[in-house]
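Each chain, letter by letter, is given below.
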Amino acid sequence: MRMQGRRARSAAAAATALWLVLLLPAMAVSGRAVKKDGPRRWAAEPWRGRSALDNGLGRTPPMGWNSWNHFQCKIDENMIRETANAVVATGLASLGYKYINLDDCWAELNRNSQGNLVPKASTFPSGIKALADYVHEKGLKLGIYSDAGTQTCSKTMPGSLGYEEQDAKTFASWGIDYLKYDNCNNQNINLQQRGQEDPATWAGSVGNSWRTTGDIEDNWNSMTSRADQNDQWASYAGPGGWNDPDMLEVGNGGMTIEEYRSHFGIWALAKAPLLIGCDVRSMSNETFAILSNSEVIDVNQDELGVQGKKVKSKSNLEVWAGPLSGGRVAVVLWNRGASQASLTADWSEIGLNPSTVVDARDLWEHSTASAEGNLTATVASHASKMYVLTPK
């Protein structure tokens with residue numbers, strides 16, 4: 001499922017900083033600074049990465065759609081309009097998927113005589129402002145892509161280096177709501193000036209989410225490794241700023257339904273942005289069932305905003321968990337092994353008193369059972385079970 005262009009872009013991106021996302025209230029861009037904290041007990045402490053800088057946006061992880069994972073550079077305004085239509089018609093918009101995001105390759109290679117970015121005439125002849133107006137009329141928001149270097153990662157359009165304020169004003173004039181800002185071809189600017197590595201430790205001052213991994217690919221090994229890499233930065237996420245292990249591959253064809261369900265559940269638990277990466281105009285019923293699971297989405301969008309994390313791992317049998325509002329706990333029992341296995345989450349591992357009795361809601365089976373002391377389930381290979389535990 002991966003074209004040569006994607007592999008080339010991934011190689012280029014691996015040598016650069018991982019991107020930031022700015023959510024934009026009429027382009028009044030600001031952010032939330034993050035200080036580096038030591039390890040903390042997620043079940044007991046509130047998120048501590050707060051500061052006076054706060055643009056009031058991204059109180060829960062962004063949800064929407066992005067063009068790159070499925071289409072790469074093969075994008076045009078008609079496809080974007082059709083995607084916006086499909087997000088509304090399928091009911092995805094009503095579930096929270098609000099952002100329709102253009103990725104790389106939307107602009108001409110050269111700026112105009114005034115130094116402004118220009119939409120590619122062959123693919124966006126009506127212009128980005130008209131596209132934003134169309135998306136807004138649907139009740140959705142439009143996102144766009146740029147780069148902190150001289151060219152974007154695909155090298156098919158200019159980056160914003162030296163044009164930052166001008167490009168920000170351009171995006172504002174078009175009505176852009178979301179900026180994905182990459183860092184390819186950045187001319188090796190001093191790291192102290194640019195802040196390149198470990199973006200979770202610094203990016204909260206300038207963005208509402210930040211990449212914690214390299215580009216995801218549509219296969220099991222890539223997805224699981226991105227989950228693990230993202231997990232180490234859990235203490236830096238919270239309302240206003242989120243760790244991003246990259247966009248969703250659900251529905252692109254490289255994994256099984258069970259693997260995609262695990263992918264979606266772990267991203268939801270980890271409070272990652274939920275950015276659909278498939279063609280929603282032609283997605284299967286199975287893909288839609290995963291992406292539209294409102295109970296899993298509710299975990300991701302929980303107002304407490306604490307990133308769930310891996311709390312136990314042995315022989316590819318893992319327990320991931322995190323607190324939710326109202327004293328509840330979200331739990332994923334994840335079998336990353338090659339055969340069916342029994343997994344158990346003990347209350348002491350997930351922040352509950354051993355004597356607590358809970359209603360355990362299975363978010364994929366949509367059923368509820370009572371449990372005390374621990375939760376045990378038989379889980380197929382590469383599959384997962386996801387629960388919300390509500391103390392009685």
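Since we're looking at a predicted model, the values are computed, not measured. (Residues numbered from 1 in each chain as written. Predicted model: local features only at pLDDT ≥ 70, side-chain atom pairs only at ≥ 80, totals over all residues. Heavy atoms only, no water.)

Chemist: I'm lost on the sheet that holds strand β2 (residues 63–66) in this one. Help?
Modeler: Within a beta sheet, neighbouring strands are joined by backbone hydrogen bonds and run either parallel or antiparallel to one another. Within the open sheet, the eight strands sit side by side as β7-β6-β1-β5-β4-β3-β2-β8. Their pairing is mixed. Unpaired on one side and paired on the other, β7 (242–244) and β8 (274–276) mark the two borders of the sheet. Sheet twist, expressed as the average angle between the axes of neighbouring strands with direction ignored, equals 25°. Strand direction decides the pairing type here: β2 and β8, joined by three bridges, are parallel. By the bridge assignment, M63 is partnered in β8 with L274. (Pairing = 2+ DSSP bridges. Helix = DSSP H or I, 4+ residues; strand = E, 2+ residues; numbered from the N terminus. Axes fitted to C-alpha atoms, helices over the stretch in contact; angles between N-to-C directions.)

Chemist: In this structure, what is going on with unusual backbone geometry? I would like to understand it.
Modeler: Negative phi is the rule for most residues except glycine; trans is the rule for most peptide bonds. In this model, K155 sits at a positive phi of 60°, which is unusual for a non-glycine residue. At N185, a position not held by glycine, the phi torsion is positive, near 50°. Of note, N185 is situated in the loop between β5 (178–182) and α6 (191–194).

Chemist: How should I be thinking about the packing of aromatic side chains in this particular structure?
Modeler: How two aromatic rings sit relative to each other is set out by the distance from centre to centre and by the angle between their planes. Taken as a whole and assessed by the stated rule, the structure comprises eight aromatic pairs. Taking the centre distance of 5.7 Å and the plane angle of 85° together, the rings of W106 and W174 count as edge-to-face. On the criterion of sequence distance, the pair formed by W106 in the loop between β3 (99–101) and α4 (128–137) and W174 in helix α5 (residues 164–174) is long-range, its members being 68 residues apart. For the pair W106 and W174, a shared accessibility class is recorded, and that class is buried. By the ring-pair criterion, three or more aromatic residues cluster together here, those being W106, F171 and W174. (Phe/Tyr/Trp six-rings, centres within 6.5 Å; stacked < 30°, edge-to-face > 60°. Buried < 20%, exposed > 50% of the residue type's maximum accessible area, 1.4 Å probe, protein only.)

Chemist: Got a minute to help me understand empty space enclosed by the protein in this structure?
Modeler: Empty space left among the atoms is revealed by rolling a probe the size of a water molecule over them. Taken as a whole and judged by the stated rule, the model has two cavities of 30 Å³ or more. Taken as a whole, the second largest cavity spans an internal volume of roughly 40 Å³. Taken together, W19, N66, N101, Y178, K180, D244, M247 and L275 make up the full set of residues lining the second largest cavity. Among the residues forming the lining of the second largest cavity, the class breakdown is four nonpolar, two polar and two charged. (1 Å grid on protein atoms, 1.4 Å probe; cavity = no way out; pocket = protein on both sides within 12 Å on 5 of 7 lines; lining within 4 Å. Points joined across faces, edges and corners; volume = space filled by probe spheres on them. Nonpolar A, V, L, I, M, F, W, Y, C, P; charged D, E, K, R; others polar.)

Chemist: Help me out: how do you make sense of the state of the cysteines in this one?
Modeler: Note on terminology: disulfide describes a covalent bond linking the sulfur atoms of two cysteines. Under the criterion given, the structure shown has two disulfides. Covalent S-S linkage joins C153 and C184, the inter-sulfur distance amounting to 1.9 Å. As the torsion about the S-S bond is roughly 90°, the C153-C184 disulfide counts as right-handed. Of this pair, C153 sits in the loop between β4 (141–147) and α5 while C184 sits in the loop between β5 and α6, and the two are 31 residues apart along the sequence. Here C153 and C184 have matching classes, each one buried. The connectivity of the disulfide bonds within the protein can be written as 1-2, 3-4, using the sequence rank of each bonded cysteine. (Disulfide = S-S within 2.5 Å.)

Chemist: Any chance you could explain helix α8 (residues 257–269) here in plain terms?
Modeler: A turn of α-helix holds 3.6 residues, and therefore any two residues three or four places apart point the same way. The terminal C-alpha atoms of α8, which comprises 13 residues, lie 18 Å apart, in line with the 18 Å expected from a rise of 1.5 Å per residue. Taking burial as the measure, the 13 residues of α8 include 10 buried ones, the bulk of the element. When we look at burial in α8, the residues that qualify are E259, Y260, S262, H263, F264, G265, I266, W267, A268 and L269. With its phi angle positive at about 55°, K271 sits one or two positions after the end of α8. (Expected span 1.5 Å × (residues − 1).)

Chemist: Help me understand the confidence of the model for the protein in this model?
Modeler: Note: predicted coordinates in regions of low pLDDT should not be interpreted at a detailed level. Per-residue pLDDT for the protein has a mean of 89; in total, 86% of the residues score no lower than 70. Low pLDDT, under 50, characterises residues 1–17; the predicted model gives this stretch 36 contacts beyond four residues in sequence or across chains. Under a pLDDT of 50 for its full length, residues 26–53 has, in the predicted model, 73 contacts with residues more than four places off or in other chains. (pLDDT = per-residue confidence, 0-100. Contact = heavy atoms within 4.5 Å.)

Chemist: Honestly, the pattern of salt bridges in this entry has me stumped. Any pointers?
Modeler: Opposite charge on two side chains permits them to pair, given that their charged atoms come into close proximity. Evaluated as defined, the whole model comprises 18 salt bridges. Residue K180 pairs with D103 through a salt bridge whose shortest N-O separation is 2.4 Å. Here K180, found in strand β5, pairs with D103, found in the loop between β3 and α4; they are 77 residues apart in sequence, far enough to count as distant. Residue class for K180 comes out buried when judged on its relative accessible area of 3%. The salt bridge involving D246 is made with R211; its shortest N-O contact spans 3.4 Å. Taken as a pair, D246 in the loop between β7 and α8 and R211 in strand β6 (residues 209–211) lie far apart in primary sequence, 35 residues in all. Pair check on accessibility: D246 and R211 agree, each one buried. (Salt bridge = Lys/Arg side-chain N within 4 Å of Asp/Glu carboxyl O.)

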